[in-house]
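In case you want the letters, here they are:
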Amino acid sequence: MDPGEDIAPIAILMDELRSEDVQLRLNAIHSVPTIALALGPDRAREELVPFLQDSVDDEDEVLLALAEELGRNFEEYIGGKDYAHILLGPLENLSAVEETLVRDKAAESITKIAVVLSQAQIEEHYIPLLKRLSQGEWFTSRTSSAALYPAVYAKVSPSIQDDLRKGFAALGSDDTPMVRRAAAKWLGPLLTHFSPPHVLSDGLPIYRRLQSDDQDSVRLLTVEDLIAIAQRMSPAEVKEQLLKQIRHSIGDKSWRVRYMAANHFNQLADAVGTELVREELTSQYVQLLKDNEAEVRTAAAGQIPGFSKLLDKDVILARIVPCVRDLSQDSSQHVRAALANQISGLAPLLGKESTIENLLPLFLHLLKDDFPEVRLNIISKLETVNDVIGIELLSETLLPAIVELAEDKSWRVRQAIIEYIPLLANQLGKPFFDEQLGNLCMSWLGDTVFSIREAATVNLRKLTEVFGVEWAKVQIVPKVMGMGKHPNYLFRMTTVQAITTIAPSLDLDIVLSEIIDPLLQLASDPIPNIRFNVSKSLEVLATTFKSVPSGTEFVQTRIVPALEQQKNDQDADVRYFAARALQKALGAS
């Protein structure tokens with residue numbers, strides 16, 4: 001082999017990594033696995049990895065790419081997991097750079113490598129690296145080190161575990177807030193590997209120190225640590241050891257900490273056990289629902305059904321429902337939207353009578369809210385309420401509000417109503433539906449917003465599936481075909497699109513008697529968009545009815561001639577769709 005060729009891959013990489021063009025350097029980093037493959041495991045270990053370790057680029061984007069590549073099973077290119085520890089060198093350098101994203105990615109890659117390392121490799125190579133980073137002069141390396149503890153704690157000997165607990169405790173009382181923040185972030189995952197006695201002897205003091213930190217950015221991260229510790233303790237221990245900290249976090253002077261507590265409240269309640277929930281957490285939760293910051297109330301409102309599942313019905317009615325009533329009139333639209341999204345979850349917990357008495361007025365109130373998202377959230381969750389109180393009462397009380405919303409100025413609300421209609425139809429039955437909602441469903445076909453017209457055609461197909469073909473023949477088809485004669489081309493277009501959507505749910509008799517003639521008239525419409533949509537519609541009809549008796553004759557005598565004619569249309573799009581449809585029709589017949 002020519003020695004020039006032999007040296008080429010690494011030389012090219014060196015040249016490209018020295019290039020002034022960042023993109024070129026990035027591409028070079030992404031090609032590192034290919035170069036390692038070309039060099040073979042021995043040379044990749046002896047030349048490539050040392051080169052990558054020495055070449056710390058000054059461009060964060062390039063460093064980030066390198067940190068990522070080294071964590072993507074790169075050990076396979078250097079001889080397998082027996083040599084994986086060699087990759088820790090370049091990643092250690094990357095863990096100490098200034099840019100947070102690069103450090104985080106390097107730490108993530110180190111933990112991925114830890115998975116394939118043996119205990120001997122961890123104790124010989126990983127632990128010294130961890131100690132160097134934990135005691136680094138710059139806060140950047142100490143910050144990165146916190147993420148590296150959980151990955152190996154369970155894999156090392158008890159004496160090294162003692163050292164790791166001490167090392168992590170030092171990070172928890174570091175002078176730099178960024179390091180303490182990292183310790184707070186990674187304490188929870190580390191605690192899952194501690195033995196129960198060590199949770200109490202080592203984990204708890206680190207948590208308490210961080211939970212009373214003077215920086216709220218550190219304290220807010222301790223909420224998840226609190227849950228992790230509570231999960232490892234018995235309810236009695238939680239009551240004895242953590243009650244003070246639970247109260248502190250929920251009543252913290254910083255709204256960001258209270259927000260985190262509210263956001264994770266259900267997890268906390270599950271972790272501490274039912275007894276403490278009833279004795280202590282219910283009043284703490286009410287406190288969060290009444291918090292003076294809207295963000296905290298929003299987060300707390302999102303936890304209502306989950307937390308209420310842990311309570312007796314009487315407690316929900318006495319403590320939670322009054323708060324829900326207040327939140328339904330909250331000054332913040334985001335709080336009302338979060339409540340609207342969750343309030344229906346209370347119905348199964350309260351039962352029929354209490355739901356009618358306490359929640360139904362609130363549903364009506366929220367359905368008339370000024371903010372579209374609030375109305376949307378209520379509509380999308382009505383099914384749960386329907387299961388509890390029954391359709392009669394629901395239609396009696398909420399149907400007028402739903403009909404009003406069907407003409408809402410926000411098209412997303414109109415769309416949500418349309419999507420809810422088939423479900424409602426199924427429960428209301430034909431006569432009631434035709435009387436109350438039939439005309440409404442047809443009116444959506446003429447909506448100014450395309451998404452609504454599209455949703456309306458899908459809605460008609462679903463209704464045909466609910467009420468049957470005969471109902472569609474009387475209630476839908478005549479009205480849809482009547483729109484095909486409208487002077488406005490959008491209405492004629494809707495007719496064609498409605499046929500395309502509904503056809504698979506109809507039978508051939510209806511298509512022959514009601515649909516095909518008006519549709520073929522539209523094949524010569526002056527608007528090209530309508531003509532090519534007719535081609536699409538004919539394609540659907542051909543593929544739908546090819547297998548039914550007399551369907552082949554229908555395709556050959558009615559559809560194929562029309563498409564042959566359209567194939568010579570002056571518009572290129574019409575010719576394209578007609579040719580495509582013809583191919584399907586001839587294949588179908």
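So, here is what we can say about the structure in this document. Note that the structure is predicted; figures quoted are calculated from it, not measured. (Residues numbered from 1 in each chain as written. Predicted model: local features only at pLDDT ≥ 70, side-chain atom pairs only at ≥ 80, totals over all residues. Heavy atoms only, no water.)

Further remarks concern the pattern of salt bridges. Across all of its chains, the model carries 15 salt bridges by this definition. A salt bridge links Glu-68 to Arg-72; the shortest N-O distance between them is 3.0 Å. Arg-72 gets classed as partly exposed once you look at its relative accessible area, which sits at 46%. We note a salt bridge from Asp-213 to Arg-180, for which the minimum N-O separation is 2.4 Å. Of this pair, Asp-213 sits in the loop between helix H13 (196–211) and helix H14 (216–219) while Arg-180 is found in helix H12 (residues 177–191), placing the two residues 33 residues apart along the sequence. Judged by relative accessible area, Arg-180 falls into the buried class, the value being 9%. Via salt bridges that share partners, Lys-105, Glu-108 and Lys-112 belong to a single interconnected network. (Salt bridge = Lys/Arg side-chain N within 4 Å of Asp/Glu carboxyl O. Buried < 20%, exposed > 50% of the residue type's maximum accessible area, 1.4 Å probe, protein only. Helix = DSSP H or I, 4+ residues; strand = E, 2+ residues; numbered from the N terminus.)

All right, on to the side chain of Arg-531 then. Structurally, Arg-531 can be placed in helix H37 (residues 528–545). On the basis of relative accessibility, which here comes to 7%, the residue Arg-531 falls in the buried class. Separated by 3.2 Å, the side chain of Arg-531 and the backbone oxygen of Pro-526 make a polar contact. Ignoring anything within four residues of it in the chain, the contact list for Arg-531 reads Leu-522, Ala-523, Ser-524, Asp-525, Pro-526, Gln-566, Asp-569, Gln-570, Asp-571 and Val-574. (Polar contact = N/O pair within 3.5 Å; in protein donor to acceptor, adjacent residues only side chain to side chain. Contact = heavy atoms within 4.5 Å.)

There is a patch of like negative charges on the surface, built from Glu-59, Asp-60, Glu-61 and Glu-98. With respect to the element layout, Glu-59 can be found in the loop between helix H4 (41–54) and helix H5 (60–70). A relative accessible area of 31% places Glu-59 in the partly exposed class. (Patch = residues over 30% accessible without salt bridge, like charges linked within 9 Å, V, L, I, M, F, W, Y side chains within 5 Å. Areas by Shrake-Rupley, 256 points an atom, 1.4 Å probe, with all protein chains shown as cover. Lys, Arg positive; Asp, Glu negative; His and termini not counted. Charge placed at Lys NZ, Arg CZ, Asp CG, Glu CD.)

Of all hydrophobic cores here, the largest spans 192 residues; its most connected members are Tyr-126, Leu-242, Ile-246, Leu-281, Ile-304 and Trp-444. Looking at this core, the element that brings in the most residues is helix H25 (residues 347–367), giving eight residues. Leave out the neighbours within four places in its chain, and Leu-281 touches Ile-246, Ile-250, Phe-265, Leu-268, Ala-269, Val-272, Leu-276 and Phe-307. (Core = buried A, V, L, I, M, F, W, Y, C linked by side-chain atoms within 4.5 Å.)

The next subject is the environment of Ala-455. Within the fold, Ala-455 resides in helix H32 (residues 450–467). Among the residues examined, Ala-455 registers a relative accessible area of 12% and is labelled buried. For the pair Ala-455 and Ala-498, spaced 43 residues apart in the sequence, the C-alpha separation amounts to 9.9 Å. Residues within four places of Ala-455 in sequence aside, it is in contact with Gln-415 and Ile-418.

Let's shift gears to the packing of helix H11 (residues 158–172) against H13. Relative to each other, H11 and H13 sit at 15°, their axes nearing to 9 Å. It follows that H11 is roughly parallel to H13 by the angle criterion. As for the relative orientation of H11 and H13, their crossing is left-handed in sense. Across the interface between the two elements, Arg-165, Phe-168, Ala-169 and Gly-172 from H11 touch His-198, Asp-202, Ile-206, Arg-209 and Leu-210 from H13. When its residues are assigned to classes, the contact of H11 with H13 shows four nonpolar, two polar and three charged. (Axes fitted to C-alpha atoms, helices over the stretch in contact; angles between N-to-C directions. Parallel < 35°, antiparallel > 145°, perpendicular 65-115°, else oblique. Left-handed = near helix turned anticlockwise from the far one by under 90°. Nonpolar A, V, L, I, M, F, W, Y, C, P; charged D, E, K, R; others polar.)

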